[in-house]
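So you can see what is in the structure, the chains are spelled out below.
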Amino acid sequence: MSKTKSVKHNYVSLTTYHAAPPSSSSLPGPDDIYRAQFPNGITLLSRANFNSPSVVISGYIQAGSLFDTDEKLGLADFTALALMRGSAQRDLQQIYDALESCGASLSFSAGLHTASFSGRSLAEDLSLLLNTLAEVLRQPAFPAEQIEKLRAQLLTGLAIRAQNTADMAALTFDQIVFANHPYGRPEDGYPETIQAIRRQDLVNFHRRFYGPRGMVIALVGAVEPQAAMEQVQRALADWDNPDQPDSPPLPPLTPLQETVTRRVNIPGKFQSDLVIGTFGPARRDPEYLPTSLGNSVLGQFGWMGRIGDAVREKSGLAYYAYSSLNAGIGPGSWEISAGVNPDNVTKASDLIRREVSRFIEKGVSAEELSDSQANFVGRLPLSMESNAGVAGALLNIERFDLGLDYYRRFADLVRAVTPEDVLQAARKYFHSERLAIAIAGP
Amino acid sequence: MPDIHRTALANGLQVMLKEIHTAPIISSWVWYRVGSRDEPSGRTGISHWVEHMQFKGTPQFPASILDKVIAREGGISNAFTYLDWTTYFETMPGDKIELALRLEADRMVNSTFDPEEVASERTVVISEREGNENEPLFLLGEAVQAAAFRVHPYHHEIIGDLADLKTMSRDDLYAHYRCYYVPDNAVLSLAGDFETEAILARIRELFEPIPAGPTPPRQARPEPPMRGEHRLSLEGPGETTYLQLAYRAPAGSDPNFFPLTVLDSLLAGPSSLNMFGGGGISNKTSRLYRTLVEKELAVAVGSSAITTVDPFLYTFTITVHPQRKAEEVLSAFDDEVKRIQDETVSAEEIDRAIKQARALFAYGSENISNQAFWLGHAEMFATYDWFLGYLDKLAAVTSAEVRHAAQSILRPQNRVVGIYIPTGVEVGHE
């Protein structure tokens, strides 16, 4: 195959057809994000978008699975999922009938630190959405028969998870990297822990941990922020839970001292999934952006970066082979995932480890870094195309205290990262002889 | 709704343009009228594999840079192969769209299909198929689809059969490419932040020199009507039983597709037509959820009615409750279907379905990629007018038409029933 280097830059002189040059004003910033805090501890972030007659809300409450005991792991998630199944005022069919009749939606789930919600509707139905949110957050009824129906659904979900090679490899990877740390536990629990949960556990969990303190709502769409604020105020400003506790402190993470490999045998499958990696930075760590750009070069940029090139393009071993960085409140994970024929697990694993070693030894070239920097900067407006995209950005700003001008500053922050920064970040987290390797397959 | 500009170039390439100046973004899609329905037995999966090869380079954009050029400019790109069509898209900062247009004009004719790249991609596609085979619902869907079509090439899965993936040659792939990738068999659709006149001039410069080809053949072996229910079962690992019911359904451009859409909304909940942006809504008040999930026969029910060129399938997929049998679920399903066949649906229920569709439409319009998608996609099975008239057509559906759709489509003689029977689990850790 011919690889003509000279054509690489022959598209630098371009004619422009768009009406206006891209400007930072398409990105949310202090002049168009409305932020309000209510006395009870709720924070609202809102941004108007009248291009479509729709609106989204999304946000979180400080009621995640960190509060779960090992014996009843999955309780936070079970509680979040049960909120919509009946309130003091209405049963499940009545709640969903009102929403679905308008083409609106609202759903909950729980993560490690928080329980999250997201919903959308036509702008004309925003008050329905917010009133439903307030009703199920404040007065869920947890009807006994609905709890049992939900339990059967959760158990089926876990049975399906146990047969999913990618899910099981990811779950096992977390257990290795986050051994003896709450991050090593799956938020959706295990069959025996879901079986152990009683209705009263849900009632108690809600009473204790659900409250307005630390709650954040992002509201984006065809509504003026002032009007949005008034509607949220009417629905939630008088909510109170004086006993709401602080989040439990996170124990320190003990990094691996050697490479640990664990296999999960799932007979009858045609493909194995493997996950190889280590822990990563928290979202607020100074290494986050260098790590993120390094991750892009390693296994994201173009068609899955260097990993995709080595495992898919050059060797034809996998349809997917990429790296990902998960960074949140506490230590994150930095992992490489691939789905391969069971006979090729060792071959793929060796190729991936070789790329990791090269990455730690030599880091990234100036050209590779600048490609990923251009990608990060250029794709930002694309990620803000939809109301949901903007709402996600507003929640990031609040959750990680990034500042209302973060997305306006983002390009400068990205461009300031050097190849040395990336190399240092790579060496801080990745060590060739201290990897977590999880394999699930036949 | 902004005006649409439609034109055809001298070589037959159809161009659809929609200016949207809400964000500095342009989304560009090239659509070819070729998909898995254009594949004879022995070459199943060839359209999808050709789509993969379109990322393997031309003399001007070799593979080593093709995968990077779009990303470097902050764009996203991908491609999809379907039953009736194959499409390639780039969504980019508006001032960079030139690159996407040049790339697409180039690979419409100049892809290399290097034999080494073909060999390497063969195992990638086989790996993609093996990943699919890990999913019980892929295996079940494949078996149901094959049972529903004996004559029509909708018979096989888009990814193709392993036997063909192992044996197809570079020349087979290249011939398929040259046959179907001609401007007179393609639609270029763009939406976003451009001036129509200027961009159209550039499109002409880039695409008009590409010579038209002979009109590619379309396989047209109509499937005879079903004359009785087909039942099949499939065994595999796991604990979960799945039930799938697939009814022969009208084509996307058939006026009967609109009553079917309303019927589907009532039975299994409204489906989002959007491939990009604006996900669906829940279906907990739909008739089948209430009958099957609320009554603890199933833990989930979903459906799909898709817009195809020829009549395809209206499919229900049900995850059976762990304490129930597929036959119990089937019997309750049939009772519910009988109810909608025998009773008159109220005007209110239809109005509700319309409002749901209107909301899903609004969610889809937030996203420029989705709008460019629809400009081209509607042309693949009907025309863009289908999309423009969609809400009005739904609003005009009467209860008599819904009942007729239920009676004519949801007949046992018109369906395949497939059951995935789990053989249990044995999980070990090493």
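Residues numbered from 1 in each chain as written. Chains lettered and ligands numbered in written order. Predicted model: local features only at pLDDT ≥ 70, side-chain atom pairs only at ≥ 80, totals over all residues.

## Topic: the overall build of chain A
Secondary structure assignment for chain A yields 15 helices and 11 strands. What you see for chain A is a C-alpha radius of gyration of 23 Å, in line with the 22 Å of a compact globule of 442 residues. For chain A, the spread of C-alpha atoms along the three principal axes comes to 70 × 55 × 40 Å. For chain A, the residues scored as buried account for 51% of the 442 residues in total. Contacts in chain A between residues at least 24 apart in sequence constitute 81% of all its contacts with a sequence separation of at least 6. (Helix = DSSP H or I, 4+ residues; strand = E, 2+ residues; numbered from the N terminus. Rg over C-alpha atoms; globule rule 2.2 N^0.38 Å. Buried ≥ 20, exposed ≤ 12 C-beta atoms within 10 Å, placed from the backbone. Contact = placed C-beta atoms within 7 Å.)

## Considerations on the overall build of chain B
When you go through chain B residue by residue, the secondary structure sums to 16 helices and 12 strands. On C-alpha atoms alone, chain B measures out to a radius of gyration of 23 Å, which is about the 22 Å that the 2.2 N^0.38 rule sets for 430 residues. Within chain B, counting contacts between residues at least 6 apart in sequence, those at least 24 apart form 82% of the total.

## Here's the deal with the domain arrangement of chain B
It is common to report an interface's size as the accessible area lost on association of the parts. All names here are of chain B. By domain assignment, chain B separates into domain 1 (4-207) and domain 2 (230-422). Distance between the C-alpha centres of domain 1 and domain 2: 28 Å. Counting from both sides, the interface comprises 34 residues of domain 1 and, opposite them, 29 residues of domain 2. Residue assignment for the side of domain 1 that touches domain 2 shows that the elements contributing at least two residues are strand E2 (14-19), strand E3 (25-32), strand E5 (86-93), helix H5 (136-148) and strand E6 (186-192). In terms of residue count, the dominant contributor to the side of domain 1 that touches domain 2 is H5 (9 residues). By residue class, the composition of the side of domain 1 that touches domain 2 is 22 nonpolar, 9 polar and 3 charged. (Domains from an automatic or database assignment. Nonpolar A, V, L, I, M, F, W, Y, C, P; charged D, E, K, R; others polar.)

## Topic: the sheet that holds strand E7 (residues 230-236) of chain B
Residues and elements named next belong to chain B. The mixed open sheet is built from 5 strands, whose spatial order is E7-E11-E8-E10-E9. Edge positions in the sheet fall to E7 and strand E9 (298-305), since each has one partner strand and no second. If you compare each strand with its neighbour and ignore which way they point, the axes differ by 15° on average. Sheet topology note: the strand E8 (residues 242-248)/strand E11 (residues 415-422) ladder contains 6 bridges and is antiparallel. Bridging across to E11, Leu245 finds its partner in Val417. (Pairing = 2+ DSSP bridges. Axes fitted to C-alpha atoms, helices over the stretch in contact; angles between N-to-C directions.)

## Regarding the packing of helix H9 (residues 288-299) of chain A against helix H12 (residues 366-383) of chain A
Residues and elements named next belong to chain A. With their axes 9 Å apart at the nearest point, H9 and H12 run at an angle of 110° to one another. As judged from the angle between their axes, H9 and H12 are roughly perpendicular. Contacts from Leu293, Ser296 and Val297 in H9 reach Glu368, Leu369, Ser372, Gln373, Asn375 and Phe376 in H12. Broken down by class, the residue content of the contact of H9 with H12 amounts to 4 nonpolar, 4 polar and 1 charged. (Parallel < 35°, antiparallel > 145°, perpendicular 65-115°, else oblique.)

## Brief notes about the sheet that holds strand E6 (residues 216-221) of chain A
What the 6 strands build is an open sheet, ordered E1-E2-E6-E3-E5-E4 (chain A); its pairing is mixed. Two strands lie at the open edges of the sheet, namely strand E1 (34-37) and strand E4 (105-110) of chain A, each paired on one side alone. Adjacent strand axes in the sheet meet at a mean angle of 10° when their direction is disregarded. Sheet topology note: the E4(A)/strand E5 (residues 115-122) of chain A ladder contains 6 bridges and is antiparallel. Each bridged residue has a counterpart across the sheet, and for A:Ala110 the counterpart in E5(A) is A:Ala115. Across the sheet, helix H1 (residues 75-82) of chain A is in contact with E4 and E5 of chain A; its angle to E4(A) comes to roughly 170°. Its contacts with the sheet put helix H12 (residues 347-364) of chain B on strand E3 (54-61) and E5 of chain A, and the angle it makes with E5(A) is roughly 110°.

## Some remarks on the packing of helix H3 (residues 126-138) of chain A against helix H8 (residues 225-236) of chain A
What describes two packed helices is the angle between their axes and the distance between those same axes. Residue and element names in this part refer to chain A. At a minimum axis separation of 9 Å, H3 and H8 run at an interaxial angle of 30°. Relative to H8, the element H3 is oriented roughly parallel. Judged by the sense of rotation from one axis to the other, the crossing of H3 with H8 is right-handed. Facing Leu126, Ser127, Leu130, Asn131, Leu133 and Ala134 of H3, the residues of H8 in contact are Gln231, Val232, Ala235 and Leu236. Its residues assigned to classes, the contact of H3 with H8 shows 7 nonpolar, 3 polar and no charged. (Left-handed = near helix turned anticlockwise from the far one by under 90°.)

## Quick word on H12(A)
Over its 18 residues, H12(A) runs 25 Å from end to end, which matches the ideal 26 Å to within 8%, given 1.5 Å per residue. Within H12(A), burial applies to A:Glu368, A:Leu369, A:Asp371, A:Ser372, A:Asn375, A:Phe376, A:Gly378, A:Leu380, A:Pro381 and A:Leu382. (Expected span 1.5 Å × (residues − 1).)

## So, the interface of chain A and chain B
Each partner contributes residues to the interface: chain A has 76 residues there, and chain B has 83 residues. Looking at the side of chain A that touches chain B, the elements that each hand over two or more residues are helix H2 (92-101), E5, helix H4 (144-162), strand E7 (260-265), helix H10 (301-313), strand E9 (318-326), strand E10 (332-340) and H12 of chain A. Here the side of chain A that touches chain B is built from residues that sort into 34 nonpolar, 29 polar and 13 charged.

## Thoughts on the pairing of E6(A)
Among the 6 residues in E6(A), 6 count as buried, and that is most of the element. Of the two faces of E6(A), both are covered, the one formed by A:Val216, A:Ala218 and A:Val220 as well as the one formed by A:Ile217, A:Leu219 and A:Gly221.

## A look at the confidence of the model for chain B
Counting all residues, the mean pLDDT for chain B is 94, and 97% of those residues have values of 70 or more. In the predicted complex, the global pTM is 0.93; the interface-specific ipTM is 0.92. (pLDDT = per-residue confidence, 0-100.)

## Details of the confidence of the model for chain A
Averaged over chain A, the pLDDT score is 92; the fraction of residues at 70 or greater is 94%. Low pLDDT, under 50, characterises residues 1-24 of chain A; the stretch is placed with 44 contacts to residues that sit more than four places away or in other chains.

## Topic: the nonpolar core
Grouped together as the largest cluster of nonpolar side chains are 255 residues, with contacts concentrated most on A:Ala169, A:Leu274, A:Val311, A:Ala348, A:Ala438 and B:Leu292. Look past the residues within four positions of A:Ala169 in its chain and what remains in contact with it is A:Asp273, A:Leu274, A:Val275, A:Ala438, A:Ile439 and A:Ala440. (Core = buried A, V, L, I, M, F, W, Y, C linked by C-beta atoms within 7 Å.)

## Examining the environment of B:Met108
All names here are of chain B. Looking at the secondary structure, you find Met108 in helix H3 (residues 97-109). Exposure remark for Met108: the 24 C-beta atoms within 10 Å place this residue in the buried category. Separated by 36 residues in the primary sequence, Met108 and Val144 place their C-alpha atoms 35 Å from one another. Setting aside residues no more than four positions away along its own chain, Met108 makes contact with Tyr181, Pro183 and Ile210.

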